[in-house]
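These are the residues of each chain, in order.
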Amino acid sequence: MKKMLPESELARDERFVRTKIEDRIFDPRGPKIAQRNTGPARMGVDRPAAGERSRSLMHGIFVGEIQALEGAGRTCYDFDDAEAPFQLKLDMARQCWDESRHCEISVKLGDHMGTEIGEYTESTFLFAAACNPDPVFRLCGVNRALEGLAIDVFKSMKDFGNESGDPILEFCEDWMLADEVTHVKMGSDWLRRLTETDPERRERALEFQRTVDAIFNLGGFRGEDDDNPVQLARDFRRLAGFTEEENDSLAELARRSTEEARQMAEMATAALDASAQNT
Amino acid sequence: MSRITITPDPFTLIAYDGAEITAIIEDVAALVDFPRDVDIDLEVDEELFAPLTGHLSDVVDGRVRLWISGGNFEDSRLPRQFAPHQARDDLAVMLLRAKDRLSDDFAAAPPDASLSRGERTAWDTYAVGRAGRLGLPMRRQRQLYDFRLQHGFTDIADAAFDRLWTAEHVTWDGIREICKETGATDRDTSKIPVDLLRQK
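Residue positions are given per chain, counting from 1 as you read along its sequence in written order. Each chain is given a letter, starting from A, and each ligand a number, starting from 1, according to the order in which they appear as written. Local features in this predicted model are restricted to residues whose pLDDT is 70 or higher, and side-chain atom pairs enter the listing and the counts only when it is 80 or higher, whereas totals over whole chains, interfaces and linings include all residues.

So, the overall build of chain B: which residues are in play, and what are the values?
Comment: elements are numbered from the N terminus, with helices defined as DSSP H or I runs of at least four residues and strands as E runs of at least two. Each helix and strand in chain B was counted, giving six helices and four strands. Each helix and strand of chain B, ordered N terminal to C terminal, gives the series β-α-β-β-β-α-α-α-α-α. Scaling as 2.2 N^0.38, a compact globule of 200 residues should have a C-alpha radius of gyration of about 16 Å, and chain B matches this with 16 Å. Based on the C-alpha atoms only, the size of chain B along its principal axes is roughly 45 × 35 × 30 Å. The burial label depends on the number of other C-beta atoms within 10 Å of a residue's C-beta. Counts of 20 or more mean buried, 12 or fewer mean exposed, and intermediate counts mean partly exposed, with C-beta atoms placed from the backbone. With 200 residues in all, chain B has 44% of them scored as buried. A separation threshold of at least 6 residues defines the contact pool for chain B, and within that pool the share at least 24 residues apart is 70%. Only C-alpha atoms enter the radius of gyration; for comparison, a globular chain is expected to reach 2.2 Å times N to the power 0.38, where N is the number of residues. The contact rule is simple: place each C-beta atom from the backbone, and if two of them lie within 7 Å, those residues are in contact.

See below:
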């Protein structure tokens with residue numbers, strides 16, 4: 001079986017449609033919407049299109065779980081025991097079991113909300129974090145960055161379930177959240193153990209994680225303001241082993257991402273307006 | 001025959017065609033038995049994309065004024081492309097609600113921008129249920145979830161949903177009664193306008 005599988009070779013059936021990142025970047029509607037008030041990004045029953053936004057995010061969570069499963073699974077297989085100890089692979093195998101369960105729970109939550117597999121497109125950028133050939137870097141990308149994002153997303157969904165009085169959503173998200181905290185903790189523990197005698201490799205791995213975290217902020221998707229649909233879950237991140245300094249640093253990174261996205265939207269709008277005036 | 005106008009004409013940000021939308025409206029108007037002497041204006045906001053969806057149906061000076069997010073008509077798997085089947089489903093619901101407004105049963109109903117979220121979801125449920133019985137592929141669970149968000153995840157709300165979903169005849173007073181029954185009437189009023197997406 002092939003080792004180091006690229007994103008493009010992920011197996012999907014005909015229900016799944018993969019989105020191209022360029023479609024979003026070059027969508028002329030993006031800059032226009034960025035200039036409009038479409039209500040609080042934070043999830044709530046009184047924001048416009050609350051149901052549709054929840055369904056869309058739920059589908060995003062579902063495909064994210066598939067990719068997390070694939071990432072952990074690849075780590076079990078891609079490395080020999082010298083690169084990745086057998087105990088680490090056992091942890092990854094346990095994570096695969098958890099992620100499989102999360103996939104099934106997410107499909108059922110999608111049913112509960114009235115959506116179905118493949119109704120929305122899939123972007124595979126999460127799996128890209130699991131493609132690093134160094135197992136330590138990959139742990140940082142998957143178990144600390146991706147699973148850290150999962151903590152933030154699940155906490156936001158759990159809060160939405162609580163606010164809307166939906167016990168099914170609230171409890172499902174709470175149970176999955178508990179698993180994600182464990183996954184991040186496993187990543188933090190293995191990072192420490194594998195780099196015990198190599199601080200320089202540890203620092204490079206953490207730098208890789210910061211790069212992945214910046215991408216996962218998705219230009220304001222995650223943060224600590226009402227402008228951010230997904231809120232940084234500091235308490236759960238602390239339980240997972242992130243230090244307060246790391247949480248502050250991520251919050252700052254998220255603020256910068258939001259601001260950069262705002263500036264890009266302004267520039268794109270100006271460019272579109274200028275183009276329209278010239279035609 | 002109703003006169004139908006579509007705005008914008010032409011579309012510049014998305015691959016939608018006014019003539020195609022007009023044809024769908026004519027087809028759906030016949031399906032829902034919409035009065036042939038009432039003109040219809042449809043405004044599609046082409047800046048909005050999924051999941052920023054929503055639609056409004058009002059009657060102003062005897063004309064039906066419809067507004068819809070471009071995201072409602074967008075193929076969820078092909079960005080900026082028109083999905084005729086989605087347009088057909090949404091336009092049927094919009095025209096059924098507009099037809100309600102033209103009747104005495106809903107004469108006292110305020111404009112869509114002034115409806116509470118509970119009232120709006122209850123009315124939608126009544127319309128979506130009827131559209132399903134006309135043969136359109138409406139999704140019950142989707143509507144139930146939207147209804148529950150505004151009326152609660154309770155047995156009382158689910159029973160109210162079932163009544164609306166299967167109802168052949170509901171009045172504006174009936175919609176308000178259901179909102180009282182589920183407790184939606186007692187919910188705090190949000191500062192976020194229900195027609196926020198229409199506001200530019």
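Give me the sheet that holds strand β4 (residues 63-69) of chain B: which residues, what numbers.
Residues and elements named next belong to chain B. At least two bridges found by DSSP between two strands are what make those strands a pair. Judged by pairing direction, the sheet is mixed, and its four strands sit side by side in the order β1-β2-β4-β3 without closing on themselves. Bordering the open sheet on either side are β1 (4-7) and β3 (55-60), each of which pairs with just one other strand. On average, each strand axis in the sheet is inclined to that of its neighbour by 15 degrees, with strand direction left out of account. Direction of pairing for strand β2 (residues 40-45) relative to β4: parallel, over a ladder of six bridges. Note on β4: the bridge partner recorded for E43 is W67. Axes here mean lines fitted to C-alpha atoms, for a helix over just the part in contact, with angles spanning 0 to 180 degrees between N-to-C directions.

Let's hear about the domain arrangement of chain B: which residues, and what values?
Residues and elements named next belong to chain B. According to the domain assignment, chain B consists of domain 1 (4-102) and domain 2 (108-191). On a C-alpha basis, the centres of domain 1 and domain 2 stand 21 Å from each other. Between domain 1 and domain 2, the residue contacts involve 12 residues of the former and 13 residues of the latter. Elements that contribute at least two residues to the side of domain 1 that touches domain 2 include exactly β3 and α2 (84-102). When residues of the side of domain 1 that touches domain 2 are assigned to their parent elements, the largest contribution, seven residues, is made by α2. Classifying every residue of the side of domain 1 that touches domain 2 gives six nonpolar, one polar and five charged. Throughout, the edges of the domains are those of an automatic or database domain assignment. In this count, Pro and Cys sit with the nonpolar residues alongside Ala, Val, Leu, Ile, Met, Phe, Trp and Tyr, while Asp, Glu, Lys and Arg are called charged and the others, Gly among them, polar.

Help me get a handle on the interface of chain B and chain A, residues and values and all.
Each partner contributes to the interface: chain B provides 29 residues, whereas chain A provides 32 residues. Here the side of chain B that touches chain A takes seven residues from helix α4 (residues 140-151) of chain B, the largest share from any one element. Class assignment for the residues of the side of chain B that touches chain A results in 14 nonpolar, seven polar and eight charged.

Quick one: what's the story with the environment of V60 of chain B, residue by residue and with numbers?
Relative to the elements of secondary structure, V60 of chain B occurs in strand β3. Spatially, the C-alpha atoms of V60 of chain B and P111 of chain B are 9.3 Å apart, while their sequence positions differ by 51 residues.

Which residues make up the environment of V194 of chain B, and what are the values?
Residue and element names in this part refer to chain B. Note on placement: V194 falls in the segment after α6 (172-182). For the pair V194 and S114, spaced 80 residues apart in the sequence, the C-alpha separation amounts to 7.5 Å. Those residues in contact with V194 that sit more than four places away from it in its chain are A113, L115, R117 and R120.

How would you summarise the packing of helix α4 (residues 86-113) of chain A against helix α7 (residues 167-194) of chain A if you had to cite specific residues and measurements?
Residue and element names in this part refer to chain A. Interaxial distance between α4 and α7 falls to 11 Å at its minimum, and their mutual angle equals 160 degrees. Comparing the axis directions of α4 and α7 gives the class roughly antiparallel. Judged by the twist between their axes, the crossing of α4 over α7 is left-handed. Counting all contacts with α4, which are made through L88, D91, Q95, D98, H102, I105, L109 and H112, the residues of α7 involved are I168, L169, C172, M176, D179, H183, M186 and W190. When grouped by side-chain class, the residues that make up the contact of α4 with α7 number nine nonpolar, four polar and three charged. Oblique is the label for any angle not under 35 degrees, not over 145, and not in the 65 to 115 range, which are roughly parallel, roughly antiparallel and roughly perpendicular in turn. In this scheme, a crossing is called left-handed if the near helix is turned counterclockwise away from the far one by less than a right angle; it is called right-handed if the turn is clockwise.

Mind laying out unusual backbone geometry, listing which residues take part and the relevant values?
Among all residues except glycine, the phi angle is most often negative; among peptide bonds, the trans geometry is most common. Each neighbour pair has its own omega, and for D9 of chain B with P10 of chain B the value is 5 degrees, a cis peptide bond. The residue P10 of chain B is located in the loop between β1 and α1 (18-31) in this model. Going from A50 of chain B to P51 of chain B, the amide bond is cis rather than trans, its omega being 5 degrees. The backbone of A49 of chain A shows a phi angle near 55 degrees, a positive value even though the residue is not glycine. With respect to the element layout, A49 of chain A can be found in the loop between α2 (29-34) and α3 (50-78). A positive phi is found at R80 of chain B, a non-glycine position, where the angle reads about 70 degrees.

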